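# Coordinate analysis (summary)
Single-letter residue listing:
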Amino acid sequence: MTTPTVLADDRTAPAGSSAPPSKISASARRLSALSRAELVLLLRNRSAIFLALVLPVVMIFSIRASLRQIDLTGTGLSIAGAALTGGIGVVLLQVVYMNLVTGYVTRREELVLKRLRTGEITDREILTATAVPSIALALVQCVLLVVAGAIAFDLSAPKRPEVFLAGLVAGLVMMSALAAATSALTRTVQTSQLTTLPLYFVSLFGSGIFVPLDVFPDKLASALELLPLTGVVTLVQHGWLGGVEGGDLLTAAAVALAWTAFAVFAVQRWFRWDPRG
């Protein structure tokens, strides 16, 4: 005989019915459904996928060319190692940050975000699901970079995989949150190409992507360590190639966590759900 199901508030459900799903499982289902929808939209946008796949590759060759003009003696880095770890920074900037700013602004101006908020899905789930396709694409590219480093450039596998993964995860979360925060300052999809440029160029040339920090004077290098992406690049470099001192790793982790916390706070405080008009 089937017994009634006792609900959380001591009511009983009819015999044969199942208990209502937990909040966590319901949230997971909503997040999964919306993420799949966002992924389908991304796959339909062939130009966005093409740019996301090709531009980082082009930037890696540009990084290699610039590194050939720099004396890396004393940095502990090879041209190939510096170029590929810098390439991961480029992926985080272009595939996650810049792509997501455009995505958030597009969905806001098309009233997609506003309509989603009328349902059961929470604000956090909406923001996360929108970021999932870009994060997934970035992860695929980072894996390809590690494989390319091992096969084509004779680099070893990450020496400290836990540090490498920690840096990568921190970069993905930080860039996603900064993208959402930047979208609040962006009026239209067209202006997203302008509002993302400051962080993009500052990170390219000041966070160890194009030029290793060891090349700069000590005081300037110490200031550049405080940039958002510098800590992530340092963690990725040490996790893959080694050679970074323990104190520098702690500083890098602290900077990455601080910027991530600030970005999350900025999103909670200033993110815009309605069109700016």
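These remarks concern the structure in this document. The shown structure was predicted, so the numbers you read here are calculated from the model rather than taken from an experiment. (Residues numbered from 1 in each chain as written. Predicted model: local features only at pLDDT ≥ 70, side-chain atom pairs only at ≥ 80, totals over all residues. Heavy atoms only, no water.)

## Remarks on the overall build of the protein chain
Stated formally: Starting at the N terminus, helices and strands are each numbered in turn, a helix being any DSSP run of H or I of at least four residues and a strand any DSSP run of E of at least two. For every residue, the accessible area obtained with a 1.4 Å probe (protein chains only) is divided by the maximum for its type, and the residue is called buried under 20%, exposed over 50%, and partly exposed between those limits. The contact criterion used is simple: two residues touch if any of their non-hydrogen atoms lie within 4.5 Å. In short, Shrake-Rupley with a 1.4 Å probe defines the accessible areas, and a residue's cover is counted only from the protein chains shown.
Each helix and strand counted, the protein chain has eleven helices and two strands in total. Helices and strands appear in the protein chain in the N-to-C order β-β-α-α-α-α-α-α-α-α-α-α-α. Going through the 277 residues of the protein chain one by one, you find that 45% of them count as buried. Considering only contacts in the protein chain between residues 6 or more positions apart, those separated by 24 or more positions represent 79%. Accessible area for the protein chain stands at about 14,500 Å²; split by element, carbon and sulfur atoms hold 65% of it.

## Things to note about the packing of helix α3 (residues 79–109) against helix α6 (residues 161–183)
Working note: a packed helix pair is described by the angle between its axes plus the distance between those axes. Stated formally: The convention used is that axes are lines fitted to C-alpha atoms, helices contributing only their stretch in contact, and that angles between N-to-C directions extend from 0 to 180 degrees. An angle counts as roughly parallel when it lies under 35 degrees, as roughly antiparallel when it exceeds 145, as roughly perpendicular when it falls between 65 and 115, and as oblique in every other case. Less than a right angle of anticlockwise turn of the near helix away from the far helix marks a crossing as left-handed, whereas a clockwise turn marks it as right-handed. Ten residue types, Ala, Val, Leu, Ile, Met, Phe, Trp, Tyr, Cys and Pro, are classed as nonpolar, four, Asp, Glu, Lys and Arg, as charged, and the remainder, Gly among them, as polar.
With their axes 8 Å apart at the nearest point, α3 and α6 run at an angle of 30° to one another. As judged from the angle between their axes, α3 and α6 are roughly parallel. For the element pair α3 and α6, the recorded crossing hand is right-handed. On α6, the residues that touch I88, L92, L93, V96, Y97, L100, V101, Y104, V105 and R108 of α3 are F164, L168, G171, L172, M175, S176, L178, A179, A180, T182 and S183. Looking at the contact of α3 with α6 residue by residue, the classes come out as 16 nonpolar, four polar and one charged.

## Side note on a nonpolar patch on the surface
Stated formally: Exposure above 30% relative accessible area and no salt bridge define the residues that can form patches, which grow by joining like charges within 9 Å and nonpolar side chains of Val, Leu, Ile, Met, Phe, Trp and Tyr within 5 Å. The working definition used for a salt bridge is a side-chain nitrogen of Lys or Arg within 4 Å of a carboxyl oxygen of Asp or Glu.
On the surface, F50, L53, V54 and V58 cluster together to form a nonpolar patch covering roughly 330 Å² of accessible area. Within the secondary structure, F50 sits in helix α2 (residues 46–67).

## Focus: the environment of L39
Counting through the fold element by element, L39 comes out in helix α1 (residues 23–44). Separated by 91 residues in sequence, L39 and T130 have C-alpha atoms that sit 8.6 Å apart.

## Things to note about the packing of α1 against helix α5 (residues 123–151)
Where α1 contacts α5, the axes come no closer than 8 Å and their chain directions differ by 45°. In terms of axis orientation, α1 runs oblique to α5. Classified by chirality, the crossing of α5 by α1 is right-handed. Residue-level inspection shows S27, R30, L31, L34, S35, E38, L39 and L42 of α1 in contact with α5, the latter providing E125, I126, T128, A129, T130, V132, P133 and S134.

## What to know about the environment of E120
By secondary structure assignment, the location of E120 is in the loop between α4 (112–116) and α5. In this structure the C-alpha to C-alpha distance between E120 and A26, which are 94 residues apart in sequence, comes to 9.8 Å.

## Structural notes on unusual backbone geometry
Most peptide bonds take the trans form, and the phi angle of most residues other than glycine is negative. Although it is not a glycine, L111 adopts a positive phi angle of roughly 65°. Turning to its location among the elements, L111 is positioned in the loop between α3 and α4. Note on L111: relative accessible area 35%, which makes it partly exposed.

## Quick word on the packing of aromatic side chains
Rules: Aromatic pairs are defined between Phe, Tyr and Trp rings, using the six-membered ring for Trp, whenever the two ring centres lie within 6.5 Å; interplanar angles under 30 degrees are classed as stacked, those over 60 as edge-to-face, and all others as tilted.
Going through the model one piece at a time under the given rule, you end up with seven aromatic pairs. Consider the rings of F265 and W270, whose centres lie 5.8 Å apart with planes at 85°: the pair is edge-to-face. Judged by its relative accessible area of 41%, F265 falls in the partly exposed class. On the basis of relative accessibility, which here comes to 47%, the residue W270 falls in the partly exposed class. Measuring from ring centre to ring centre gives 4.8 Å for F271 and W273, while their planes differ by 75°; the resulting arrangement is edge-to-face. A relative accessible area of 12% places W273 in the buried class.

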